[in-house]
Amino acid sequence: MSEPRVSIHGQWSSRWIFILAATGSAVGLGNIWKFPYITGENGGGAFVLVYLACIACIGIPIMMAEIMLGRRGRQNPINTMHTLAQESGASRHWRLLGWSGVVAGLLILSFYSVIAGWALSYIVKTASGTFEGADGDAVSAVFGDMLAGPGGLLFWHTVFILMTMAVVARGVKSGLEKAVQFLMPALFVILLVMVGYAATTGAFSQGLKFLFNPDFSKLTADGVLVAMGHAFFTLSLGMGAIMIYGSYLPHKASIASTTFYIAGADTLVALLAGMAIFPIIFANGLEPGAGPGLVFVTLPIAFGQMDGGLIIGTLFFVLLTFAAWSSSISLIEPAVTWLVENKGLSRAKTCVVFGAMTWLLGIGTVLSFNHWADYKLFDKTFFDLLDYLTTNIMLPLGGLFIALFAGWVLSRADSREELQMDDGLGYRVWLFLVKFVAPLAVIVVFVKAIGLI
Ligand code: PHE
């Protein structure tokens, strides 16, 4: 067995901390903001079932592959891919996979931060009683007014970027680790409180039925593809976030069981969010298929009408912010480690550089909701374009190549050594999924995303 490399950024102090951090990355706006509304749009149970199947057959094998490559390389994703390709006698162009991830992370963070800023601003709005007794029109007007004012959006975007950089600048040991230790348990507790509240609304069983009772007549072919794409996005796969977190994983930790915990926790949070949100929607006669505005337009109506809505609503947006925060940290970590490792800059300086870049780029997203709303390319605003480019093109492409590298380039001996698996059924199933099933599925998502089918 070759001598394992060591990351210059240190290691997670335990496998449990890695699980918390990677779960923090996976659980974000995708679970709490996006999963409920795409589930609502695609008819509920059948969509959820397909999403769960995609997590199992695409997400889990690719996540194992990404953690495995990260731990084997022990560097930023660019250098890791370069080194691993060299060791396998493959082209050094594999490092482009790392590059695409670094760029995708920065692009995603630039708009992710603006949306997270909405959540931040809604903490203040909800806590100050803006939604008390407000009807649908009033709540929509609050959301519309917020989008119309670039100053406010920019302010909250700035706050969120600073929050992200404050954690990343401290580094893996004292920054990320402390943050996730606090964030993740808080997240679960607040979500459970929300589900507890939902159980008292009188529409709990209706909400559960919507989520878990599959009606395949409501599921379109497009819905299947949306479910597959979301499985990918929600697990933070395809851009090196999980790879860089894997590079801090202690050598002895088992990758397979670790992956099951992370994917399980991510799925649990999405389902808990659904279990909290849908009963509130039904109890208030609201529309599950309301689209991306579901959290920001529909839920405050419920918060404004129910007993204790001020507190529950405020807690909800705190939760959303926390979830987005622990994801944003991982979006920029690949870029930061690249600059630290290759240019010898300090973490703090690196954070200033990338923080400024993503902040500036985020201004484009801020303006795309107001002054630039009519400037469109391919019928898409600046924000829509960035979202499309990253989520629909860069992440699936990244995931595809991670699966191909792990399945076809890395030798079986190497992958078995890193995964610490013998040549049994578990390993063979993983290899089959990563060699054939996951790449094919990702190609379908990708081809669909660029509109060829
Ligand atoms: N998984 C995060 C979410 O669900 C988003 C994310 C994507 C984070 C890619 C890191 C990398 O919100």
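Treat the numbers as computed from the prediction; the structure is a model and nothing was measured. (Residues numbered from 1 in each chain as written. Predicted model: local features only at pLDDT ≥ 70, side-chain atom pairs only at ≥ 80, totals over all residues. Heavy atoms only, no water.)

Draft legend 1. Seen up close, a nonpolar patch on the surface. There is a patch of nonpolar side chains on the surface, built from Leu96, Trp99 and Val103 and spanning about 260 Å² of accessible area. With respect to the element layout, tryptophan 99 can be found in helix α5 (residues 95-127). (Patch = residues over 30% accessible without salt bridge, like charges linked within 9 Å, V, L, I, M, F, W, Y side chains within 5 Å. Areas by Shrake-Rupley, 256 points an atom, 1.4 Å probe, with all protein chains shown as cover. Salt bridge = Lys/Arg side-chain N within 4 Å of Asp/Glu carboxyl O. Helix = DSSP H or I, 4+ residues; strand = E, 2+ residues; numbered from the N terminus.)

Draft legend 2. Quick look at the site of the ligand. Around the ligand there are 14 residues in total, and Ala26, Leu29, Gly30, Tyr112 and Ser236 lie nearest to it. A distance of 2.9 Å is found between a nitrogen atom of the ligand and a backbone nitrogen or oxygen belonging to alanine 26. Protein burial of the ligand: of its 330 Å² of free accessible surface, 100% is covered by the chains. Taking a 2 Å distance to the grid points as the criterion, the majority of the atoms of the ligand fall inside the largest cavity. Taken together, the elements giving at least two residues each to the shell around the ligand come down to α1 (15-26), α2 (29-41), α9 (221-234) and α13 (309-343). Of the residues in the shell around the ligand, the class split is six nonpolar, eight polar and no charged. (Near = heavy atom within 4 Å. Polar contact = N/O pair within 3.5 Å; in protein donor to acceptor, adjacent residues only side chain to side chain. 1 Å grid on protein atoms, 1.4 Å probe; cavity = no way out; pocket = protein on both sides within 12 Å on 5 of 7 lines; lining within 4 Å. Sits in = over half its atoms within 2 Å of the grid points. Nonpolar A, V, L, I, M, F, W, Y, C, P; charged D, E, K, R; others polar.)

Draft legend 3. Here's a closer look at the environment of phenylalanine 369. With respect to the helices and strands, phenylalanine 369 occurs in the loop between α14 (347-368) and α15 (382-409). Each C-alpha atom of the pair phenylalanine 369 and methionine 357 lies 20 Å from the other, and the pair is 12 residues apart in sequence.

Draft legend 4. Spatial organisation of α9. Over its 14 residues, α9 extends 20 Å from the first C-alpha to the last, a length consistent with the 20 Å expected when each residue adds 1.5 Å. Inspection of α9 places Gly223, Leu225, Ala227, Met228, His230, Ala231, Phe232, Phe233 and Thr234 among the buried residues, and these make up the whole buried set. Where α9 terminates, the next one or two residues include serine 236, which has phi positive at roughly 60°. (Expected span 1.5 Å × (residues − 1). Buried < 20%, exposed > 50% of the residue type's maximum accessible area, 1.4 Å probe, protein only.)

Draft legend 5. Up close: the packing of α2 against helix α3 (residues 45-73). Axis separation between α2 and α3 bottoms out at 8 Å; the angle between their running directions is 130°. With respect to α3, the element α2 is oriented oblique. Regarding α2 and α3, the two cross each other, and that crossing is right-handed. For the pair formed by α2 and α3, the contact residues are Phe35, Ile38 and Thr39 on the first element and Phe47, Val48 and Tyr51 on the second. (Axes fitted to C-alpha atoms, helices over the stretch in contact; angles between N-to-C directions. Parallel < 35°, antiparallel > 145°, perpendicular 65-115°, else oblique. Left-handed = near helix turned anticlockwise from the far one by under 90°. Contact = heavy atoms within 4.5 Å.)

Draft legend 6. Local environment of the packing of aromatic side chains. Within this structure, the stated rule accounts for 30 aromatic pairs. A centroid spacing of 5.2 Å and a plane angle of 75° characterise the contact between tryptophan 12 and tyrosine 245, whose relative ring orientation is edge-to-face. With tryptophan 12 in the segment before α1 and tyrosine 245 in helix α10 (residues 241-246), the pair connects residues that are 233 residues apart, well separated along the chain. Across this residue pair, the class does not change: tryptophan 12 and tyrosine 245 are buried. Aromatic pair phenylalanine 316 and phenylalanine 317: ring centres 5.3 Å apart, planes at 85°, arrangement edge-to-face. One aromatic cluster is present, built from ring pairs that chain together Phe111, Trp118, Tyr122, Phe131, Phe143, Phe296, Phe303, Phe316, Phe317, Phe369 and Phe383. Across from the ring centre of tyrosine 427, 5.8 Å away, lies the NZ or CZ of arginine 416, which sits over that ring. In this structure, lysine 435 is placed above the aromatic ring of tryptophan 408, and the distance from its NZ or CZ to the ring centre is 4.5 Å. (Phe/Tyr/Trp six-rings, centres within 6.5 Å; stacked < 30°, edge-to-face > 60°. Lys NZ or Arg CZ within 6 Å of the ring centre and 35° of its normal.)

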